[in-house]
Amino acid sequence: MRSKIFTIVAAMALLALAASARLAAQTNYTVVRLGALGGTQGAANSINDRGWAAGFANQEGDSVGHAALWVGASQPTDLGALGGPNSNSAVAWPVKNNIGLVVGISDTAEDNPLGEAFSCWPFFTPGAPTGKICKGFRWVNGVMTPLPPFPGGYNSYATGANNRGQVVGWAENGVHDPTCNPAFQVLQFRAVIWQPNGQMQELPPLPGDSTSAATAINDKGQVVGISGACGIAVGGVSAAHSVLWENGVPTNIGDLGGHTWNTPTAINDQGTVVGFSLPAGQDGTRNYEAFLWTKAGGIQRLGKLPGDIRAGAFGVNEKNQVVGLSRGGPYLFRAFIWQSGGVLTDLNTLTVPGSPFLLYANDINDAGEIAGQAFDPSTSEAPAFVAFPVAGRAAAAAHAGGSGAQTGALPERLRQQLQRRPGLDPFGIGSGQK
């Protein structure tokens, strides 16, 4: 009798798993275009579990962009800029916390006395170094506050924050680092946690490296980022190693074999890390691929969409669903989604009819809602979007929605902005690399 009951229970479990798999396979997405600040371009780069999306939106004329917050599908709140209304700001990475704290980067009104380009400008609307000091910011209840560099430095950069109010990023100190490329960067920078009380905690690089940068933090206080040489402060040699800091101690979590462009971008509360890494044999290129890492399983190569030459994973939720950007093939830029046991899937093949083309996906919350940037070929606008999952019969009815084909030529300014999108190859624009 026990054996028979066990068999029935096991069969029911298998049926439940099969149903779950079918449901996952049937998930499609309704895409909502988010409002703008007068310009034609915007992007939602973060979405928390309250459905708050944050990113940037261009002002009228598309020459200035400001950090923006969308609560639900409302018009954006302009978060302003540290340097005034004509300065640029942005929320560039998944912030993730649910306590109403938004962090990002902003130009100030102060000229940089060293003429550094620093890390901010690839994420700003103009697409060229402004010569201004850039600082990370903390925004709460309508007030934007600058986050300071270490003593002797000028620039700082904020990427993420957790529900404990800790903010991470990187900040210059006063060391003139000989590994920097002085045409772009002079001062050394180090990964940092800005504590809620304003105290700064430096996160050191791996032994033998001179610089570090933090890209994300979870509620356990685990931080991920990069360790390497100074370079130009936007990737490359500064991302020689992918790093996990626990209690302030860095650990190399490995890579796909290359020696640059190894960058974790997000970590969930389970300690799952996603990002991109350069495969072996690809040194000297930017042909990095998406990866997922866990302490138990090590690094897993997620790859890229068929026909593309590079991809990066940018966001992960507590269900280990991963979103990002695959690029360089016939469609140039495509948002993707990945979930355990599957392969990278072009998100455009899962959208309902009438959806805009999804250029990239930067974050995903625990409800499976996805934030990023879209393209509407009928207007040549590139709005921020949130994609909401639909399943079951609704998904089946929508199955023929997306084709995955990018229709219409991208405006040149948008194309170059997307080339800079990860902040990783700003100096490759016009070099023939896609």
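For the structure, see preceding data.
Definitions and cut-offs
Residues numbered from 1 in each chain as written. Predicted model: local features only at pLDDT ≥ 70, side-chain atom pairs only at ≥ 80, totals over all residues. Heavy atoms only, no water. Phe/Tyr/Trp six-rings, centres within 6.5 Å; stacked < 30°, edge-to-face > 60°. Helix = DSSP H or I, 4+ residues; strand = E, 2+ residues; numbered from the N terminus. Buried < 20%, exposed > 50% of the residue type's maximum accessible area, 1.4 Å probe, protein only. Lys NZ or Arg CZ within 6 Å of the ring centre and 35° of its normal. Disulfide = S-S within 2.5 Å. Salt bridge = Lys/Arg side-chain N within 4 Å of Asp/Glu carboxyl O. Contact = heavy atoms within 4.5 Å. Pairing = 2+ DSSP bridges. 1 Å grid on protein atoms, 1.4 Å probe; cavity = no way out; pocket = protein on both sides within 12 Å on 5 of 7 lines; lining within 4 Å. Points joined across faces, edges and corners; volume = space filled by probe spheres on them. Nonpolar A, V, L, I, M, F, W, Y, C, P; charged D, E, K, R; others polar.

J.: I'd love a proper account of the packing of aromatic side chains, names of residues and values included.
T.: As enumerated under the stated definition, the model contains 5 aromatic pairs in all. Consider the rings of Trp 93 and Phe 123, whose centres lie 6.4 Å apart with planes at 40°: the pair is tilted. One end of the pair, Trp 93, is in the loop between β6 (89–90) and β7 (102–111); the other, Phe 123, is in the loop between β7 and β8 (132–140), with 30 residues separating them in the sequence. Plain terms: the ring middles of Trp 261 and Tyr 288 are 6.4 Å apart, the flat faces sit at 45° to each other, and that makes the pair tilted. Taken together, the residues span a long stretch of sequence, with Trp 261 in the loop between β17 (249–252) and β18 (263–267) and Tyr 288 in the loop between β19 (273–277) and β20 (289–294) at a distance of 27 residues. For Trp 261, a relative accessible area of 11% gives the class buried. Every member of this aromatic cluster is reached through a ring pair, and the members are Trp 93, Phe 123, Tyr 157 and Trp 170. The residue whose ring lies beneath Arg 310 is Tyr 288, and the NZ or CZ to ring-centre distance is 5.8 Å.

J.: Mind laying out the state of the cysteines, listing which residues take part and the relevant values?
T.: Within the structure shown, the criterion is met by 2 disulfides. Put simply, Cys 120 and Cys 134 are joined by a disulfide, and their sulfur atoms are 2.0 Å apart. For the disulfide bridge between Cys 120 and Cys 134, the dihedral angle about the S-S bond is near -90°, and by the sign convention the bridge is left-handed. Taken together, the residues Cys 120 in the loop between β7 and β8 and Cys 134 in strand β8 connect sequence positions 14 residues apart. In this model Cys 180 forms its disulfide with Cys 230; the gap between the sulfur atoms is 2.0 Å. Around the S-S axis, the bridge from Cys 180 to Cys 230 shows a dihedral of about 90° and counts as right-handed. Residue Cys 180 is located in the loop between β11 (167–176) and β12 (187–194), and its partner Cys 230 is located in the loop between β15 (223–228) and β16 (241–246); the two are separated by 50 residues in the primary sequence. Using a relative accessible area of 0% as the deciding quantity, one classes Cys 230 as buried.

J.: Quick rundown of the pattern of salt bridges? Include the residues and the values.
T.: This model, assessed by the stated rule, comprises 9 salt bridges. Between Lys 304 and Glu 289 there is a salt bridge; the shortest N-O distance is 3.4 Å. Here Lys 304, found in the loop between β21 (298–303) and β22 (310–316), pairs with Glu 289, found in strand β20; they are 15 residues apart in sequence, far enough to count as distant. Under the relative-accessibility criterion, Lys 304 is labelled partly exposed at 34%. Note that Asp 308 and Arg 334 form a salt bridge whose closest N and O atoms lie 3.2 Å from each other.

J.: Before we move on, could you go through the side chain of Thr 265 and cite the residues and values that matter?
T.: Its place among the elements puts Thr 265 in strand β18. Once residues lying within four places of it in the same chain are set aside, the contact partners of Thr 265 are Trp 93, Thr 215, Ala 216, Val 274, Gly 275, Phe 276, Ala 313 and Phe 314.

J.: Pulling in residues and values, what's your account of the sheet that holds strand β23 (residues 322–327)?
T.: In spatial order, the strands read β22-β23-β24-β25; together these 4 strands make up an open sheet with antiparallel pairing. Of all the strands in the sheet, the pair left with one neighbour each is β22 and β25 (345–346). Across 6 bridges, β22 lies against β23 in antiparallel orientation. By the bridge assignment for β23, Arg 310 is matched with Arg 327.

J.: Kindly report on the layout of surface pockets, identifying the contributing residues and their values.
T.: If you add up the space inside the second largest pocket, you get close to 240 Å³. The wall of the second largest pocket is formed by 19 residues, among which Lys 96, Asn 163, Asp 219, Asp 269 and Glu 318 lie closest to the centre. Classifying every residue of the lining of the second largest pocket by side-chain character gives 5 nonpolar, 8 polar and 6 charged.

Without other data, these values stay purely geometric and don't point to any function.
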